[in-house]
Amino acid sequence: MPAMANSYQPAQSHESKRMLHDLIMDPSQYEFWFERYAGGLIFRIGYGMVIKTGKESYVRRALEVVHTVERVASPGAYIVDTIPALGFLPEFMAPFKKEGRLLHTLELDLFRSLLGEVRERMAKGTCPPCFMKTFLEDQESFQLSDDEGAYVIGTLFEAGSGTTASAMMSYVLAMTHHSEWQEIMAEELDRVVGDRMPEFDDIPQLPTIRAVIKEVLRWRPVTAGGVPHQLIKDDIYEGYFFPAGVNVHANQWAIHREQELYPDPETFNPYRWLKPEFPTFKEPLTKFPSLQNYSAFGFGRRICPGMNIAERSLYILTARLAWACKISKKKDAQGNEIPVPQYNYTEGFNVQPKPFDFSLVARSEKRARAVREAWEFAEKEDLLSLNA
Ligand code: HEM
């Protein structure tokens, strides 16, 4: 895993302890806790800001922007996606243009105020290291205006919060259907880390954890329809001619179901990353399976630049969840399991499972206490909160 991303690990560890603590206290708010984790992380590393409740006005505005982007960027969301010539209509005849302009203003206002916030704290000498501070300290050499810099960092929130949260929601969904994998992970965790909470240093010794989350991303890819890329020159692929300007969607859903590479592709089976009889197996298991350059993060020059951060988040969240909790189907008043749909996802650019019932409890009272104590300690230690 590239070294630069190691510097974000303390923030990821901190936010994951907060997330775990609150998830055990109230599993029904799982979507909110996962989004707050992912959003809180970006606020920390992007702006040096601490998110406590997740209901702070900046966070609510940022999440609103994220959900809007996910909706409007969804291929086919507007008729102009299908008939591009409509893009030449003047705004009074094209309501999508007016909506786009208003949404852009909302987004830019938020990004500008976040930049302004960091600038103010820098002037007072109270801003901890963060991407925005790095940008502002050296703005001339980056050759970017305020708005450009505000966008570069603001879009990290858009790209990194819903995606990470969605992957973790799919993890919970997978565990309601395949709880046997929690026992396999628990065995590995108990053997490797025992009663202390897993840390980043343990990850190389936890191939099952990595395999499970990698399989979650294969089974339920976050950007299921892929992010479109436009050809900048004519191309021929397998005898088909594609002229410059054509939009190509790398359909992750289909790619992740390629029979030859992923035998029995509908089955959730992390063994495909762990056992030599599967075509996707790779050694050594201290390194593989890994999320580096995985198709779930896109392709080529535009591959997800947040992949290293996402990879670490998914590993530490999965390891700590599997170490601390047991997820299962919920039971109704008669003791019958409440069914959980295998596939009932939102539509859009990033997809996530629609709300579903499940039960989540600590694996033991000892583990619950360890989570509580870890969070209480982390909260006290958090020097950043002095600036909150
Ligand atoms: C599970 C988590 C994540 C998934 C599945 C994911 C997936 C993707 C995908 C598929 C793309 C499009 C790549 C392409 O065009 O081929 C992308 C782009 C991007 N991602 Fe991620 N991502 C995740 C987390 C993150 C995080 C945490 C960050 C930031 C900290 C981030 C920042 C970005 C940015 C800025 C782009 C746009 C890059 C460009 O167009 O040049 N992502 N991501």
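The preceding data block contains the structure.
For the structure given in this document, a descriptive report is provided here. Treat the numbers as computed from the prediction; the structure is a model and nothing was measured. (Residues numbered from 1 in each chain as written. Predicted model: local features only at pLDDT ≥ 70, side-chain atom pairs only at ≥ 80, totals over all residues. Heavy atoms only, no water.)

### A look at the coordination of the iron atom of the ligand
No other protein atom reaches the iron atom of the ligand as a donor apart from C304 (SG), found 2.3 Å away. If you trace the backbone, C304 turns up in the loop between helix 11 (252–255) and helix 12 (307–324). (Donors = N, O, S within 2.8 Å, 3.2 Å for Na, K, Ca; no water. Helix = DSSP H or I, 4+ residues; strand = E, 2+ residues; numbered from the N terminus.)

### Overview of the site of the ligand
Around the ligand there are 22 residues in total, and A159, H229, F299, R302 and C304 lie nearest to it. Between the ligand and F299 there is a distance of 3.0 Å, counted from an oxygen atom to a backbone nitrogen or oxygen. Interatomic distance of 2.5 Å between a side-chain N/O atom of R302 and an oxygen atom of the ligand. When contributions to the shell around the ligand are tallied by element, the ones reaching two or more residues are helix 8 (146–177) and helix 12. Among the residues making up the shell around the ligand, the classes are represented as 13 nonpolar, eight polar and one charged. (Near = heavy atom within 4 Å. Polar contact = N/O pair within 3.5 Å; in protein donor to acceptor, adjacent residues only side chain to side chain. Nonpolar A, V, L, I, M, F, W, Y, C, P; charged D, E, K, R; others polar.)

### Some details on the packing of aromatic side chains
Within this structure, the stated rule accounts for 15 aromatic pairs. With a centroid separation of 5.3 Å and 70° between ring planes, the pair formed by W219 and F268 is classed as edge-to-face. A residue pair is termed long-range when its members are at least 10 positions apart, and W219 in helix 10 (residues 207–219) and F268 in the loop between helix 11 and helix 12 qualify at 49 residues. With respect to class, W219 is no different from F268; both count as buried. Three or more aromatic residues link up through ring pairs in this structure, and these residues are Y30, F356 and F358. The ring centre of F32 lies 5.5 Å from the NZ or CZ of K55, which sits over that ring. (Phe/Tyr/Trp six-rings, centres within 6.5 Å; stacked < 30°, edge-to-face > 60°. Buried < 20%, exposed > 50% of the residue type's maximum accessible area, 1.4 Å probe, protein only. Lys NZ or Arg CZ within 6 Å of the ring centre and 35° of its normal.)

### Considering the nonpolar core
Counting residues in hydrophobic clusters, the biggest one holds 71 residues, and the most contacted among them are F34, Y171, M175, L217, F297 and L321. Those elements giving two or more residues to this core turn out to be helix 1 (9–25), helix 2 (30–47), helix 8, helix 9 (180–192), helix 10, helix 12, strand 5 (325–328) and helix 13 (365–381). Beyond its immediate chain neighbours, meaning those up to four positions away, F34 contacts M19, L23, A165, M168, M169, V172 and L321. Among the nonpolar cores identified, the runner-up in size contains 26 residues, and Y47, L115, V118 and A150 belong to it. (Core = buried A, V, L, I, M, F, W, Y, C linked by side-chain atoms within 4.5 Å. Contact = heavy atoms within 4.5 Å.)

### What about helix 9?
Counted at 1.5 Å a residue, the expected span for helix 9 with its 13 residues is 18 Å, and the 19 Å between its end C-alpha atoms agrees. When helix 9 is considered as a whole, its buried residues turn out to be W181, Q182, M185, A186, E188 and L189. Taken around the axis of helix 9, the buried residues stretch over an arc of 165°, which confines them to a single face. Of the exposed residues in helix 9, those oriented more than 90 degrees away from the buried face are E183 and R191. Buried residues along helix 9 sit against helix 8, helix 10, helix 12 and strand 5. Directly after helix 9, the chain includes G194, whose backbone phi takes a positive value near 65°. (Expected span 1.5 Å × (residues − 1). Arc of directions from axis to C-beta.)

### Side note on the environment of A159
Mapped onto the elements of the fold, A159 is located in helix 8. Looking at A159, the relative accessible area reads 53%, which means it is exposed. Each C-alpha atom, one on A159 and one on N350, is 9.5 Å from the other, the two residues being 191 residues apart in sequence.

### What to know about the packing of helix 10 against helix 12
How two helices pack is summed up by the angle between their axes together with the distance between the axes. Running from amino to carboxyl end, helix 10 crosses helix 12 at an angle of 115°, the nearest separation of the two axes being 9 Å. Accordingly, the angle class assigned to the pair helix 10 and helix 12 is roughly perpendicular. Seen along the crossing, helix 10 lies across helix 12 with a hand that is right-handed. Together, I209, R210, I213 and L217 of helix 10 and L314, Y315, T318, A319 and A322 of helix 12 make up the contact between the two elements. Class assignment for the residues of the contact of helix 10 with helix 12 results in seven nonpolar, one polar and one charged. (Axes fitted to C-alpha atoms, helices over the stretch in contact; angles between N-to-C directions. Parallel < 35°, antiparallel > 145°, perpendicular 65-115°, else oblique. Left-handed = near helix turned anticlockwise from the far one by under 90°.)

### Quick word on the packing of helix 1 against helix 2
Close contact between helix 1 and helix 2 brings their axes to 9 Å; oriented N to C, the two are set at 160°. Here helix 1 lies roughly antiparallel to helix 2, going by the angle between them. At the point where helix 1 passes helix 2, the crossing takes the right-handed sense. Judged by residue contacts, A11, Q12, H14, E15, S16, R18, M19, D22 and L23 of helix 1 engage Y30, W33, F34, R36, Y37, G40, L41, R44 and I45 from helix 2. Within the contact of helix 1 with helix 2, the residues separate by chemical class into nine nonpolar, four polar and five charged.

### Considering empty space enclosed by the protein
Here the structure, examined in full by the defined rule, presents one cavity of 30 Å³ or more. Roughly 40 Å³ of volume is contained in the largest cavity. Lining the largest cavity, in full, are F43, Y47, A62, V65, L110, F111, L114, G154, F157 and E158. Secondary structure elements with two or more residues in the lining of the largest cavity: helix 2, helix 3 (57–72), helix 5 (95–124) and helix 8. In terms of residue class, the lining of the largest cavity is made up of eight nonpolar, one polar and one charged. (1 Å grid on protein atoms, 1.4 Å probe; cavity = no way out; pocket = protein on both sides within 12 Å on 5 of 7 lines; lining within 4 Å. Points joined across faces, edges and corners; volume = space filled by probe spheres on them.)

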